[in-house]
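Residue-level structure breakdown
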Amino acid sequence: MNIFRLTGDLSHLAAIIILLLKIWKSRSCAGISGKSQILFALVFTTRYLDLLTSFISLYNTFMKVVYIGCSYATVYLIYMKFRATYDGNHDSFRVEFLIVPVGGLSVLINHDFSPLEILWTFSIYLESVAILPQLFMISKTGEAETITTHYLFCLGLYRALYLFNWIWRYYFEGFFDMIAIVAGVVQTVLYCDFFYLYVTKVLKGKKLSLPA
């Protein structure tokens with residue numbers, strides 16, 4: 001454990017809590033991509049199957065259970081409890097264009113050709129693009145609520161901090177995982193435009209809206 005992984009995990013947890021509180025307090029999931037949340041639930045489910053086979057630490061187990069539980073709770077709120085507020089017309093990204101290529105790539109490029117390893121690799125690749133339906137939805141509506149932008153910022157910050165975590169582990173532990181690093185870079189790059197808008201608009205008290 002190092003400071004970058006810890007702060008990355010906390011940023012990730014903050015993003016999840018912000019999203020759940022936003023939906024629960026407003027009694028609405030307007031502006032939230034249900035498709036992105038389904039992808040994240042799939043990411044955590046396929047990544048943390050090792051909960052059934054191995055134990056690393058209480059912290060590790062706790063965070064895995066929280067991520068899985070919160071991801072399914074979010075999907076439940078969007079598609080069941082507050083379904084009437086879900087904007088399916090704008091949440092129209094074709095997720096099969098992500099799942100199918102990612103599935104194929106995880107079979108072709110992985111550390112070990114075994115079911116658990118392929119599913120773990122699938123989760124890494126899928127997480128790198130799981131936010132695309134949400135970003136696509138914002139591009140269609142042309143704007144996002146401030147609380148939603150805070151959620152996205154924390155989510156992007158989590159990935160950026162994990163890149164520093166991989167650098168730290170390489171220099172101080174000799175650990176290098178090309179799959180995780182490349183996927184992390186791809187995911188961070190996807191947030192770059194959003195980070196710019198967040199700093200130049202949201203942090204200045206303005207609503208995030210895209211140029212017409």
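Residues numbered from 1 in each chain as written. Predicted model: local features only at pLDDT ≥ 70, side-chain atom pairs only at ≥ 80, totals over all residues. Heavy atoms only, no water.

Some thoughts on the overall build of the chain
The condition is simple: Per the convention used, a helix needs a DSSP run of H or I reaching at least four residues, while a strand needs a run of E reaching at least two, with both numbered from the N terminus. Just to be clear, the radius of gyration here is over C-alpha atoms, and the globule rule we use is 2.2 Å times residues to the power 0.38. Residue burial is assigned from relative accessible area. The probe radius is 1.4 Å, only protein chains are included, and a residue is buried under 20% of its type maximum, exposed over 50%, and partly exposed in between. Working rule for contacts: check all heavy atoms of both residues, and any pair within 4.5 Å makes them a contact. Residue exposure ignores everything except the shown protein chains as possible cover, and the areas themselves are Shrake-Rupley values with a 1.4 Å probe. All tallies of charge rest on Lys and Arg as positive and Asp and Glu as negative; His and the ends of each chain are not included. Charged side chains are reduced to one point each, which is NZ for Lys, CZ for Arg, CG for Asp and CD for Glu.
Within the chain, the regular secondary structure consists of 9 helices and 2 strands. When the helices and strands of the chain are listed from N to C terminus, the series reads α-α-α-α-α-α-β-α-α-α-β. Relative to the compact-globule value of 17 Å for 212 residues, the chain shows a C-alpha radius of gyration of 17 Å, a close match. Seen through its principal axes, the chain has C-alpha atoms that stretch 45 × 35 × 35 Å. Looking at the chain as a whole, 46% of its 212 residues are labelled buried. Contacts in the chain between residues far apart in sequence, at least 24 positions, make up 78% of those at least 6 positions apart. Per element, the accessible surface of the chain, about 10900 Å² overall, is 71% carbon and sulfur. Both charge centroids of the chain, one from 17 positive and one from 13 negative side chains, sit 10 Å from each other.

Quick notes on empty space enclosed by the protein
Condition: With a 1 Å grid spanning the protein atoms alone, the term cavity applies to any set of points in which a 1.4 Å probe fits but cannot get out, the term pocket to an open set with protein on both sides within 12 Å along at least five of seven lines, and the term lining residue to any residue with an atom within 4 Å of a point. Grid points are joined across faces, edges and corners, and a volume is the space filled by probe spheres set on the points. Basically, the charged four are Asp, Glu, Lys and Arg, the nonpolar ten are Ala, Val, Leu, Ile, Met, Phe, Trp, Tyr, Cys and Pro, and anything else, Gly included, counts as polar.
What the rule picks out here adds up to 1 cavity of 30 Å³ or more. Lining the largest cavity are His 12, Ile 16, Leu 19, Gln 37, Phe 40, Phe 44, Ser 71, Thr 74, Tyr 151 and Leu 155. Sorting the residues of the lining of the largest cavity by element identifies helix 1 (3-26), helix 2 (34-47), helix 3 (58-81) and helix 7 (146-173) as the ones contributing at least two each. Broken down by class, the residue content of the lining of the largest cavity amounts to 6 nonpolar, 4 polar and no charged.

Here we look at the UniProt feature "transmembrane region" (unreviewed entry) in the chain
Note the threshold: UniProt positions are given in the numbering used here, feature names are shortened, and annotations may be inferred rather than shown by experiment.
Residues given the UniProt feature "transmembrane region" (unreviewed entry) here are residues 65-82, 119-138, 150-168 and 174-199. Between the first and last C-alpha atoms of residues 65-82 the distance is 24 Å; the span itself is 94% helix and 0% strand. Structurally, residues 174-199 is divided into 81% helix and 0% strand, and its ends, taken at the C-alpha atoms, are 35 Å apart.

A few points about the packing of aromatic side chains
Operational definition: Stacked, tilted and edge-to-face pairs are distinguished by plane angle, under 30 degrees for stacked and over 60 for edge-to-face with tilted covering the rest, among Phe, Tyr and Trp rings (Trp via its six-membered ring) whose centres lie within 6.5 Å.
Overall, the coordinates contain 19 aromatic pairs when judged by the stated rule. Consider the rings of Tyr 48 and Tyr 67, whose centres lie 6.4 Å apart with planes at 20 degrees: the pair is stacked. Linking Tyr 48 in the loop between helix 2 and helix 3 with Tyr 67 in helix 3, this pair joins segments that are 19 residues apart in sequence. Note on accessibility: Tyr 48 and Tyr 67 belong to one class, buried. Site record: aromatic cluster; members linked through ring pairs are Phe 153, Tyr 191, Phe 194, Phe 195 and Tyr 198.

Regarding helix 1
The criterion, for reference: Here the expected span of a helix is defined as 1.5 Å times the quantity of residues minus one.
The terminal C-alpha atoms of helix 1 lie 34 Å apart, and with 24 residues this matches the ideal 34 Å at 1.5 Å per residue to within 8%. When we look at burial in helix 1, the residues that qualify are Gly 8, Asp 9, Ser 11, His 12, Leu 13, Ala 15, Ile 16, Ile 18, Leu 19, Leu 20, Lys 22 and Ile 23. Residues of helix 1 that are buried make contact with helix 2, helix 3, helix 5 (115-129) and helix 7. One or two positions beyond helix 1, positive phi appears at Arg 27, with a value near 55 degrees.

A closer look at the packing of helix 2 against helix 3
Basically, it comes down to this: Note on definitions: angles span 0 to 180 degrees between N-to-C directions of axes, and those axes are lines fitted to C-alpha atoms, for helices only across the stretch in contact. Should an angle fall under 35 degrees it is taken as roughly parallel, and over 145 as roughly antiparallel, whereas 65 to 115 is taken as roughly perpendicular and any remaining angle as oblique. For any pair of crossing helices, the crossing counts as left-handed if the nearer helix is rotated counterclockwise from the farther one by less than a right angle, and right-handed if it is rotated clockwise.
Axis separation between helix 2 and helix 3 bottoms out at 9 Å; the angle between their running directions is 155 degrees. With respect to helix 3, the axis of helix 2 lies roughly antiparallel. As for how helix 2 packs across helix 3, the hand of that crossing is left-handed. On the side of helix 2, the interface is formed by Gly 34, Lys 35, Gln 37, Ile 38, Ala 41, Phe 44 and Thr 45, while helix 3 contributes Tyr 67, Ile 68, Ser 71, Tyr 72, Thr 74, Val 75, Ile 78 and Tyr 79. Of the residues belonging to the contact of helix 2 with helix 3, the class tally is 9 nonpolar, 5 polar and 1 charged.

Notes on the side chain of Thr 46
To be explicit about the condition: Polar contact is the term for a pair of N or O atoms within 3.5 Å; when the atoms are in protein, one must be able to donate a hydrogen and the other to accept it, and sequence-neighboring residues count only if both atoms are side-chain atoms.
One can find Thr 46 in helix 2. Look at Thr 46 and you get buried, because its relative accessible area is 9%. At a separation of 2.8 Å, a polar atom in the side chain of Thr 46 contacts the main-chain carbonyl oxygen of Leu 42. A polar atom in the side chain of Thr 46 sits 3.2 Å from the backbone oxygen of Val 43. With residues near it in sequence (within four places) discarded, Thr 46 still touches Leu 119, Trp 120, Phe 122 and Ser 123.

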